[in-house]
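# Breakdown of the fold
So the chains spell out like this:
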Amino acid sequence: MYLLSKKLLLSLIILMLVFSVSLPVALVQAGVLKSQVQTSTHSLAVLSASQDNMYGNSGSSNTYKYLNEEFDSCTTIVVGKKASADGSVLVAHNEDDSGKVVIRLHVVRRNEHPGAYRLTNGTLVYKEPHTMLTIPVPESSYAYIWSEMPGMDFSDSYINEYGVVIMSDWAASREDKPSLVNGGIRYYLRRLAIEQARTAREAVEIMGALIEKYGYGHPGRVYIVADPNEAWIVQVVYGKHWLAQRVPDDAVVVVPNKYVSRQVNLSDTENFLGSKDLIEYAIERGWYDPERDGVFDFTKVYGRPDVISASWNVYRQQMGLYLLTGKIYPIHDLPFAAKPDHKITIEELMSVMRSVSTLVTEQTKYGNAIKGSFHRNLPVRPISVWTTQESFVIQLRSWLPPIIGVVYWRAPGIPDINVYIPIYLGMIYSDFPEPYKYADPDHIDMKSAYWAFRVFTNFVDLDYPNKIDMIKSYQNRTESEFFKLQPYVEETALKIYNELGPEAAGKYLADYSSGVLMRVYTEILEMVRSWQSGR
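Residues numbered from 1 in each chain as written. Predicted model: local features only at pLDDT ≥ 70, side-chain atom pairs only at ≥ 80, totals over all residues. Heavy atoms only, no water.

Read from one edge of the open sheet, 8 strands run β3-β7-β8-β9-β10-β11-β12-β14, paired in antiparallel fashion. A strand with exactly one partner marks an edge of an open sheet, and here the two such strands are β3 (104-108) and β14 (272-274). Averaged over all adjacent pairs, the angle separating strand axes in this sheet is 15°, with direction ignored. Where strand β11 (residues 231-239) and strand β12 (residues 242-246) come together, 5 bridges link them in antiparallel fashion. Looking at β12, one finds that Val 236 is bridged to Trp 242. Strand contacts of helix α7 (residues 188-196): β7 (144-148), β8 (157-160), β9 (165-170) and β10 (216-226), with the helix running at about 165° to β9, the strand carrying the most contacts. Sitting on the sheet, helix α8 (residues 200-214) is in contact with β9, β10, β11, β12 and β14, with an inclination near 170° to β10. (Pairing = 2+ DSSP bridges. Helix = DSSP H or I, 4+ residues; strand = E, 2+ residues; numbered from the N terminus. Axes fitted to C-alpha atoms, helices over the stretch in contact; angles between N-to-C directions. Contact = heavy atoms within 4.5 Å.)

Here it is, written out as structure tokens:
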């Protein structure tokens, strides 16, 4: 047993008293959750007609408003540490994917390599899922939190034990003659970086070396890489070219589904990293002529023209910048980064990720006027879209140990409908509750948190005008409580860390995180049960 000081024990007792009211983890052990799940399963009959809305991959009476590239495309926003209210680096991301997809949350320990296998010569390797490439597994690796979307090559997100985070947005380059080794690297690019990097810059360098060695086996992508001190936007071209630009500490960057870097200075290695022949190769291919085009503009030169000018990209980037800076930037000249007109809070960033508005049309009026899915009826693709599988804001603070200072505020679905739940990096000393680890893409099961939240989200989306006010009230009430508890939870965790070490503090934070995860899960199940019964 651990020996605790009287003051620390008193803090723990106070938190336990709070938890006994607001965090009904005991529901699981007492069997109450099981009965709720069984009752809620009856709601599936009510939703049988809305399978198209869940999967988005079959014909329905509700005409698609978006092209495939539009609704399978994510949004990320990064706030530098001098632009945030508390001095943290903030990274927000909406993971937007359609089709038969699910999400499973995992903790991977040090030196574990899920999916690796041994060759006949004994070498441990990763095999790319859809190319012929095999890549040696690093001899040692760090622990990490893994948001997995099984079967998806480009949708997983990671946070490792040092607070290095990696996620991505789809993008497209104009490259049509890629140089690839056995089809190139795809899925394992971010995994290999997260396993080996202690800083965001290290992760960028690892990714760049892998791209230059094997080539990137996809038309293009933007990776967002951050740690508690800084963030980088890594823009990858089909083949062996790439560019990474550092996010200014006093600015914000909004990344839709296109490259966002404009002017490039590869000699400024504090702020730019990339292929040495980036400009020369573009000249060789005829994409850039200094006399004709003037200053080299990475987005215009390497981006696929129809994608970088698409309305569903430029209006979303414009709206994000407007909400954070108060300025309306012209869609033909959107900046890489912009300085906000005030310090950005986590709550504000959550609000931006929940935005269903644009500057070009009254979205809400449109969505409410047509029967069916609110989000699929919106005329212009917003930030919060009907295909959002998860949304999160990661709070990265350098002045605290990573297990305390890194908080993964995660909404398990469309963010304007779901609650952001705090998950501490201390979770690496434990594991996620079972409902969050399990999800079968071929079977809707309310014992799976993914499916429970998906059914809950569909209930609201299909009756948005009548349910959204109640949902907003629930969000505000629940998230306000989490923010109020945060300093007390972290004060206690820091005391445990100093007195007993990181493992004890990590387990404490993992228990707290599991508690809030299970609390919200049980509450949305009760709402689904009550709606199904007509209340």
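Now that the structure is up, let's keep going.
Before going further, it helps to spend a moment on α8. Here α8 contains 15 residues, and its C-alpha end-to-end distance of 21 Å stays within 8% of the 21 Å for a straight helix at 1.5 Å per residue. Burial in α8 covers these residues: Ala 200, Ala 203, Val 204, Met 207, Gly 208, Leu 210, Ile 211 and Tyr 214. Buried positions in α8, seen along its axis, are confined to an arc of 165° and lie on one side of it. Just downstream of α8 lies Gly 215, where phi reads positive at about 80°. (Expected span 1.5 Å × (residues − 1). Buried < 20%, exposed > 50% of the residue type's maximum accessible area, 1.4 Å probe, protein only. Arc of directions from axis to C-beta.)

In this structure, Ile 233, Tyr 302 and Tyr 436 are the most contacted members of the largest nonpolar core, which totals 123 residues. The leading source of residues in this core is helix α20 (residues 502-532), at 16 residues. In this structure, Trp 146, Ile 185, Tyr 187 and Val 236 belong to the second largest nonpolar core, which totals 35 residues. (Core = buried A, V, L, I, M, F, W, Y, C linked by side-chain atoms within 4.5 Å.)

Proximity of charged atoms lets side chains of opposite charge pair with each other. The tally for this structure, following the rule as stated, stands at 25 salt bridges. Among the salt bridges present, the one from Arg 381 reaches Asp 96, with a minimum N-O distance of 2.7 Å. Remark: Asp 96 occurs in strand β2 (residues 89-96) and Arg 381 occurs in the loop between α15 (363-369) and β15 (388-396); sequence separation between them is 285 residues. When sorted by exposure, Arg 381 lands in the same class as Asp 96, which is buried. (Salt bridge = Lys/Arg side-chain N within 4 Å of Asp/Glu carboxyl O.)

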